[in-house]
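Listed below are the residues making up each chain.
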Amino acid sequence: MAYLTARDISLGYEGEKIVTGLCFEVDPGDYLCIVGENGSGKSTLMKTMLGLIPPLGGTIERGDGLQKNEIGYLPQQSLIQRDFPASVTEIVLSGCRGEGGFRPFHSRSDKEAARANMERMGISHLAKRCYRELSGGQQQRVLLARALCATKKILLLDEPVAGLDPKVTAEMYSLIEELNRDDGITIIMISHDIAAAIKYADRILHVGRSVFFGTKDEYLGSENYLRLTKAGES
Amino acid sequence: MAILEKLAYYMSFQFVQYALIAGILISLCSSLFGVTLVLKRFSFIGDGLSHVAFGAMAIAAVMKLTNNMPLILAVTVISAILLLRTGQRAKIKGDAAVAMISVGALAIGYLLMNLFSTSSNLSGDVCTTLFGSTSILTLKQSDVIVCGVLSVVVLAVFIVFYNKIFSVTFDEDFARATGTKASLYNLLIAVVVAVIIVLAMNLVGSLLISALVIFPALSAMRVFKSFKSVTVCSAIFSVTCATLGLLISILSGTPVGSTIVAVDIVAFGVFYLAGLFRRSKA
Ligand SMILES: Nc1ncnc2c1ncn2[C@@H]1O[C@H](COP(=O)(O)OP(=O)(O)OP(=O)(O)O)[C@@H](O)[C@H]1O
Ligand SMILES: [Mg+2]
């Protein structure tokens, strides 16, 4: 059984289809990269995977015992409340979901997880700062720490390295690789960084007028890959 | 010292004590959800609901109900749920729908009162429901008890669901994606806000309720940076202003609701300046 199975889904808003005929599977332990041009529907696909918006056609199912509170998610920047008064700690803590059952307050293990993830993202010194007063890259790291708190089995990342400096970008990629390899966390990542996608991912999903889903070796020989890289050169 | 003596004299009256208790409870409750309402762009819903509550009150008056609270509460809560639904689903602009309902309720309420009221002082009655000029000073013991119970419920809901309210307000998509039942909590917020509005109608009347909800939150957000500190600050802000406003209005005979809101405005100015000062220093 796969964590996610999509059968011939169409994506879009208000009846207007952006992408059609998507079929793919995400198995436990996978590292899947989603690539495609701006506006091709990558973020829309991720929201559909998360159940935030329904597919316009076809079915997408969660399986293999994957619960919603085992999912971590990093949204694409700029969608968050701009003027929200919240400290970094409060935001990272809000990623802690707790195991089943309703608990009104954060447990000690939640706080420990938040602390550890802030440390991992190198934002411990910002813990008390106000989110809206941070730089774009710092905000990105806060949201990543929150996503890590929420992740138990699978982590969905919408352009995780956007706005990060080269050093942190490299750290980010190795952190994600570590999560995938050592902790067995399934990764689904949207990226415009084709080189990194090919370096780290097991499988590639190309979204656009023509769709592709397969292993990265297959992708390297595919027309989608040639078209995407050519366009960059010309 | 003359003022203090006068104050002590007034404080010995039971109706003044009731007014103060109710005022503190109501202002506390209304401030807690202010941040959420402002940031979720729900503040217009608060405004709309207060007009619906006015309409319900007019109907209760026409039906000559002696205890109008249950009817007003029911109508306002149902409207809150409906408004939230239309706001989420339909593509008809949510705020236009709210404006329609709120103006409609206001007009129908006034019309009903005009057609059926037997009171000799109609415009006085309307003015009272709109601006709450005296109702807070005529509370009976049972009113205070109802107010106390509802306030405790509102407070309990806020404390128990504090983390969920934070998640849903800060980033609804993330909350929803990671397994929080966001629509349930939105519904809860709407219902609680409806309860607060019905409560607050006694204090400031239905036209000025939004002030009670929005001023504390906006003021606290000028100065404080975390959700917790903003929440605590708005609660203190709101209770202080309401108490001050009540005392001033009792001492000087000004209308209660408008006085409280006037105090809110002055305090907002102070916080605004404090915010500027803090920013320029940082
Ligand atoms: N809420 C919305 N309502 C209607 N149309 C939308 C909405 N969000 C996005 N779209 C449209 O859907 C298309 C795909 O958007 P999407 O955000 O999925 O692109 P993307 O592949 O993530 O692009 P990028 O690389 O720039 O992030 C775009 O043409 C966009 O205009
Ligand atoms: Mg995108």
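Residues numbered from 1 in each chain as written. Chains lettered and ligands numbered in written order. Predicted model: local features only at pLDDT ≥ 70, side-chain atom pairs only at ≥ 80, totals over all residues. Heavy atoms only, no water.

### Quick word on the domain arrangement of chain A
Think of interface size as the accessible area that goes away when the parts come together; that is how it is often given.
All names here are of chain A.
Part 1 of the reasoning: Taken domain by domain, chain A holds domain 1 (1–66 + 154–234) and domain 2 (79–152).
Part 2 of the reasoning: Computed over C-alpha atoms, the centres of domain 1 and domain 2 are 25 Å apart.
Part 3 of the reasoning: Domain 1 puts 15 residues into the contact, and the matching count from domain 2 is 10 residues.
Part 4 of the reasoning: Taken over both partners, the interface formed by domain 1 and domain 2 buries close to 980 Å², and the fraction arising from carbon and sulfur atoms is 69%.
Part 5 of the reasoning: Contact with domain 2 buries area across many residues of domain 1, yet Leu155, Met172 and Leu175 alone supply 32% of it, more than any other trio.
Part 6 of the reasoning: Linking domain 1 to domain 2 there are one salt bridge. (Domains from an automatic or database assignment. Contact = heavy atoms within 4.5 Å. Buried area = accessible area lost by both parts, 1.4 Å probe. Salt bridge = Lys/Arg side-chain N within 4 Å of Asp/Glu carboxyl O.)

### Here's the deal with the coordination of the magnesium ion (ligand 2)
All names here are of chain A.
Part 1 of the reasoning: Only Ser43 (OG) and Gln76 (OE1) from the protein coordinate the magnesium ion (ligand 2), and they sit 1.9 to 2.1 Å from it. One end of the pair, serine 43, is in helix H1 (residues 42–49); the other, glutamine 76, is in the loop between strand S5 (71–74) and helix H2 (88–93), and 33 residues separate them in sequence.
Part 2 of the reasoning: By relative accessible area, serine 43 is classed as buried at 17%.
Part 3 of the reasoning: We classify glutamine 76 as partly exposed; its relative accessible area is 28%. (Donors = N, O, S within 2.8 Å, 3.2 Å for Na, K, Ca; no water. Helix = DSSP H or I, 4+ residues; strand = E, 2+ residues; numbered from the N terminus. Buried < 20%, exposed > 50% of the residue type's maximum accessible area, 1.4 Å probe, protein only.)

### Thoughts on the site of ligand 1
Residue and element names in this part refer to chain A.
Part 1 of the reasoning: Close contacts around ligand 1 come from 13 residues, with Gly39, Lys42, Ser43, Thr44 and Gln76 the closest.
Part 2 of the reasoning: With respect to ligand 1, the backbone of serine 40 contributes an N or O atom lying 3.3 Å from an oxygen atom.
Part 3 of the reasoning: A distance of 3.3 Å separates an oxygen atom of ligand 1 from a polar side-chain atom of glutamate 159.
Part 4 of the reasoning: Considered on its own, ligand 1 offers 640 Å² of accessible surface; in the complex 60% of this is hidden by protein.
Part 5 of the reasoning: Looking at the shell around ligand 1 element by element, the count peaks at three residues for H1.
Part 6 of the reasoning: A class-by-class count of the residues in the shell around ligand 1 yields two nonpolar, eight polar and three charged. (Near = heavy atom within 4 Å. Polar contact = N/O pair within 3.5 Å; in protein donor to acceptor, adjacent residues only side chain to side chain. Areas by Shrake-Rupley, 256 points an atom, 1.4 Å probe, with all protein chains shown as cover. Nonpolar A, V, L, I, M, F, W, Y, C, P; charged D, E, K, R; others polar.)

### Here's the deal with the confidence of the model for chain A
Part 1 of the reasoning: On average, residues of chain A score 87 in pLDDT, and 94% of them are at 70 or above.
Part 2 of the reasoning: Here helix H8 (residues 223–233) of chain A stands out as the element of chain A with the lowest mean pLDDT, 70, in contrast to strand S7 (residues 186–190) of chain A, whose mean of 95 is the highest. (pLDDT = per-residue confidence, 0-100.)

### As for the interface of chain B and chain A
Part 1 of the reasoning: Taken together, the 30 residues of chain B in the interface contact 32 residues of chain A.
Part 2 of the reasoning: When chain B packs against chain A, close to 2700 Å² is buried across both sides, 61% of that on carbon and sulfur atoms.
Part 3 of the reasoning: Taken as a group, Phe170(B), Phe174(B) and Lys225(B) account for 28% of the area that chain B buries against chain A, more than any other trio of residues on that side.
Part 4 of the reasoning: Summed over the shared surface of chain B and chain A, the result is two salt bridges.
Part 5 of the reasoning: Glu133(A) is the partner of Lys225(B) in a salt bridge, and the nearest nitrogen-oxygen pair spans 2.7 Å.
Part 6 of the reasoning: Inspection of the region where chain B meets chain A yields nine residue pairs in polar contact (both at pLDDT 80 or more).
Part 7 of the reasoning: Listing elements by their share of the side of chain B that touches chain A, those giving two or more residues are helix H3 (34–39), helix H8 (141–160), helix H9 (162–170), helix H10 (172–177) and helix H13 (227–252) of chain B.
Part 8 of the reasoning: Top contributing element to the side of chain B that touches chain A by residue count: H9(B), with seven residues.

### Side note on the packing of aromatic side chains
Given two aromatic rings, one states the distance between the centres and the angle between the planes to describe the pair.
Part 1 of the reasoning: The final tally for this structure, using the stated rule, is 19 aromatic pairs over all chains.
Part 2 of the reasoning: Through successive ring pairs, a cluster of aromatic residues spans Phe84(A), Tyr131(A), Phe33(B), Phe158(B), Tyr162(B), Phe166(B), Phe170(B) and Phe227(B).
Part 3 of the reasoning: A cation over an aromatic ring shows up here: Arg146(A) above the ring of Phe174(B), its NZ or CZ 3.7 Å from the ring centre. (Phe/Tyr/Trp six-rings, centres within 6.5 Å; stacked < 30°, edge-to-face > 60°. Lys NZ or Arg CZ within 6 Å of the ring centre and 35° of its normal.)

### Things to note about the sheet that holds strand S2 (residues 16–26) of chain A
All names here are of chain A.
Part 1 of the reasoning: Strand order in the open sheet formed by three strands is S2-S1-S4, and the pairing between neighbours is antiparallel. Single-partner strands in this sheet number two, and they are S2 and strand S4 (57–62). Sheet twist, expressed as the average angle between the axes of neighbouring strands with direction ignored, equals 30°.
Part 2 of the reasoning: As paired strands, strand S1 (residues 4–13) and S2 are joined by seven bridges and run antiparallel to one another. (Pairing = 2+ DSSP bridges. Axes fitted to C-alpha atoms, helices over the stretch in contact; angles between N-to-C directions.)

### Examining the packing of helix H3 (residues 108–120) of chain A against helix H4 (residues 136–150) of chain A
Residue and element names in this part refer to chain A.
Part 1 of the reasoning: Put simply, H3 and H4 touch, their axes get as near as 9 Å, and they point 135° apart. Overall, the two elements H3 and H4 adopt an arrangement that is oblique. For the crossing formed where H3 meets H4, the hand is right-handed. The residues of H4 that touch H3, namely those facing Ala113, Ala114, Asn117, Met118 and Arg120, are Ala145, Leu148 and Cys149.
Part 2 of the reasoning: Looking at the contact of H3 with H4 residue by residue, the class counts come to six nonpolar, one polar and one charged. (Parallel < 35°, antiparallel > 145°, perpendicular 65-115°, else oblique. Left-handed = near helix turned anticlockwise from the far one by under 90°.)

### Considerations on the sheet that holds strand S9 (residues 212–215) of chain A
Residue and element names in this part refer to chain A.
Part 1 of the reasoning: Pairing in this open sheet of six strands is mixed, and the strands run S5-S6-S7-S3-S8-S9 from one edge to the other. The open sheet has two free edges, formed respectively by S5 and S9, since each of these has just one partner strand. Direction aside, the axes of adjacent strands within the sheet are offset by 15° on average.
Part 2 of the reasoning: Where strand S8 (residues 203–206) and S9 come together, four bridges link them in antiparallel fashion. The partner of arginine 203 across the bridge, within S9, is threonine 215.
Part 3 of the reasoning: Against the sheet, H4 engages S5 and strand S6 (154–158), with an angle of about 170° to S5.

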